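Given next are the chains, with one letter for each unit.
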Amino acid sequence: MQLSGAANANLGRATLSGAAQVGNSALAAMRQLGNGMLATQGNTPGQVSLAGRSEIKPGDSRLWVQALNNASSFDQPQGQKAFGQNTRGVVMGVDWALDDEWRMGLLGGKSLSKHKGDRFEGDLDSWHVGTYAVHQSGPLALRLGAVHSQHYGKTQRNVEFGGYKDRLTGDYGANSQQVFGELGYNLGSGSLSAEPFANLGYQRYSRKGYTEKGGEAALKADAQTQDNFSTTLGLRTASIKYMDNKMSLAPRLSAGWKHMYGPIDSTSTQTHQVTGSTYNTKGIAQDRDSLVVEAGLDLNLSARHSIGVNYNGEVGNNSRTHGLMGQWKMRF
């Protein structure tokens, strides 16, 4: 098991888990255009539109910043520690209204990830860039987005058995893409909102081959590629409470069922540089079905400024992911 470098096969799964939070950031920003967009109605500044209308004039713009903190744990075969990843970063976006129904935006971000497994550690430096658009027509919302990420990773494996010890290091480059579309229909009115939604997503990961440095146990890893489609069906709710100081609180809660299509296993082929032996190792299997949940709270300071916190989680038979985002939004 140690000689085969099995942990290297888990890099794709762990990388996609961390990068998915960037797409979640874009979706969270778009959802707040319909269910949490700051507007001024009457003489009440900071009021939130929950009736499926953004009430934003063409030319209006918005800037948002989100801080990311995400952790995932993936079950391993019996006798091995769970493989984990922890990602921290920041995502910034700007969007503007094209007309009364369409809005378009751009985003960019930076994140750092830590990967840890059985006798394995890794660091991942990632850059993200993407675009998104939302179409709001009455209670019907269509949200679209695409994100490209560039990853630069380092690995460290420790091999130790029968008096033999080796410390192996590697450097690799990878990229990932995610594309998503979501359709929601707002059934709420006034200060309450209930939105059934359907989401279609696609994720792809591609890693270049690389050669480890170290002693006789060093491996040459072939390139690795994996991709999947997924659908998520769920219900999202939101409400708003006005305070005496003309500020408002807007809590949100959603739950959904996510289903993955296509192969859910990932494999990696690696060659021992001294003996020429080839190892075909299987990585962490993705969950075919999982529960996705989200909860958030926005404090609307005025008609132009708000701060908030958002939690998102995904729980399946083989893995558990938990993410926390803090955000600030300014309309101008």
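Residues numbered from 1 in each chain as written. Predicted model: local features only at pLDDT ≥ 70, side-chain atom pairs only at ≥ 80, totals over all residues. Heavy atoms only, no water.

Undergrad: Hey, could you run me through the overall build of the protein chain in this one?
TA: Across its full length, the protein chain holds 1 helix and 19 strands. Taken along its principal axes, the extent of the C-alpha atoms in the protein chain is 75 × 35 × 30 Å. Partitioning the contacts of the protein chain with sequence separation of at least 6, the portion at a separation of at least 24 is 66%. Looking at the protein chain as shown, the accessible area adds up to about 14700 Å², and 59% of this sits on carbon and sulfur atoms. (Helix = DSSP H or I, 4+ residues; strand = E, 2+ residues; numbered from the N terminus. Contact = heavy atoms within 4.5 Å. Areas by Shrake-Rupley, 256 points an atom, 1.4 Å probe, with all protein chains shown as cover.)

Undergrad: Explain the pattern of salt bridges to me, please; I cannot follow it from the model alone.
TA: Oppositely charged side chains can pair when the atoms bearing their charge come close. In total, this model carries 15 salt bridges according to the counting rule given. Close ionic contact of Arg103 with Asp95 constitutes a salt bridge, the shortest N to O distance being 2.8 Å. Asp95 gets classed as buried once you look at its relative accessible area, which sits at 0%. Across the pair Arg143 and Glu195 runs a salt bridge whose closest N-O atoms are separated by 2.9 Å. With Arg143 in strand 7 (residues 140-161) and Glu195 in strand 9 (residues 192-207), this residue pair connects regions lying 52 residues apart in the sequence. Both residues of the pair, Arg143 and Glu195, count as buried. (Salt bridge = Lys/Arg side-chain N within 4 Å of Asp/Glu carboxyl O. Buried < 20%, exposed > 50% of the residue type's maximum accessible area, 1.4 Å probe, protein only.)

Undergrad: Would you mind going over a nonpolar patch on the surface with me for this structure?
TA: A grouping of Leu98, Trp102, Met104 and Leu144 is seen on the molecular surface, where their side chains present a nonpolar patch of about 330 Å² in accessible area. Topologically, Leu144 is positioned in strand 7. Judged by its relative accessible area of 34%, Leu144 falls in the partly exposed class. (Patch = residues over 30% accessible without salt bridge, like charges linked within 9 Å, V, L, I, M, F, W, Y side chains within 5 Å.)

Undergrad: So what exactly am I meant to see when it comes to the side chain of Arg252 here?
TA: Take Arg252: it is sitting in strand 14 (residues 248-261). There is a polar contact of 2.9 Å between the side chain of Arg252 and the side chain of Asn310. The contact partners of Arg252, leaving out residues within four places of it in the chain, are Gln32, Thr237, Ala238, Glu294, Ala295, Gly296, Leu297, Asp298, Val309, Asn310 and Gln327. (Polar contact = N/O pair within 3.5 Å; in protein donor to acceptor, adjacent residues only side chain to side chain.)

Undergrad: How should the nonpolar core be read in this particular structure?
TA: Soluble globular proteins tend to bury their nonpolar side chains together. Counting 15 residues, the largest nonpolar core has Val22, Met30, Trp64, Val91, Leu107, Tyr132 and Phe180 as the members making the most contacts within it. Those elements giving two or more residues to this core turn out to be helix 1 (11-35), strand 3 (61-74) and strand 6 (120-137). A total of 6 residues in this core trace back to one element, the largest contributor, which is helix 1. Formed by 14 residues, the second largest nonpolar core is a distinct cluster that contains Leu11, Phe83, Leu124 and Tyr210. (Core = buried A, V, L, I, M, F, W, Y, C linked by side-chain atoms within 4.5 Å.)

Undergrad: Before we go on, may I ask you to explain the sheet that holds strand 16 (residues 278-282) in this structure?
TA: Hydrogen bonding along the main chain pairs the strands of a sheet, whether they run parallel or antiparallel. Taken in spatial order, the 4 strands of this open sheet run 10-11-15-16, and their pairing is antiparallel. What marks the edges here is a single partner per strand, and that holds for strand 10 (210-211) and strand 16. Two strands pair when backbone bridges link them, and strand 11 (residues 219-221) and strand 15 (residues 267-272) are joined in this way by 3 bridges, in the antiparallel orientation. Bridge assignment links Lys220 to a residue of strand 15, and that residue is Thr271. (Pairing = 2+ DSSP bridges.)

Undergrad: Looking at this structure, I do not really get the environment of Ala141. What am I missing?
TA: Here Ala141 is to be found in strand 7. Sequence spacing of Ala141 and Leu11 is 130 residues, and the spatial spacing of their C-alpha atoms is 35 Å. Among all residues touching Ala141, those that are not within four sequence positions of it are His135, Gln136, Glu182, Leu183, Gly184 and Glu195.

Undergrad: I'm lost on the confidence of the model for the protein chain in this one. Help?
TA: Caution applies to low-pLDDT parts of the model: their predicted coordinates are not meant to be read in detail. The predicted model of the protein chain has a mean per-residue pLDDT of 85, with 90% of residues at 70 or higher. Confidence drops under pLDDT 50 across residues 35-56; counting only partners more than four residues distant or on other chains, this segment forms 79 contacts. (pLDDT = per-residue confidence, 0-100.)

Undergrad: Would you mind going over the side chain of Asn8 with me for this structure?
TA: You can see Asn8 is positioned in the segment before helix 1. With a relative accessible area of 1%, Asn8 lands in the buried category. Contact partners of Asn8, with chain neighbours within four places excluded, come to Phe120, Thr155, Arg157, Arg207, Tyr210, Glu212, Gln224 and Gln270.

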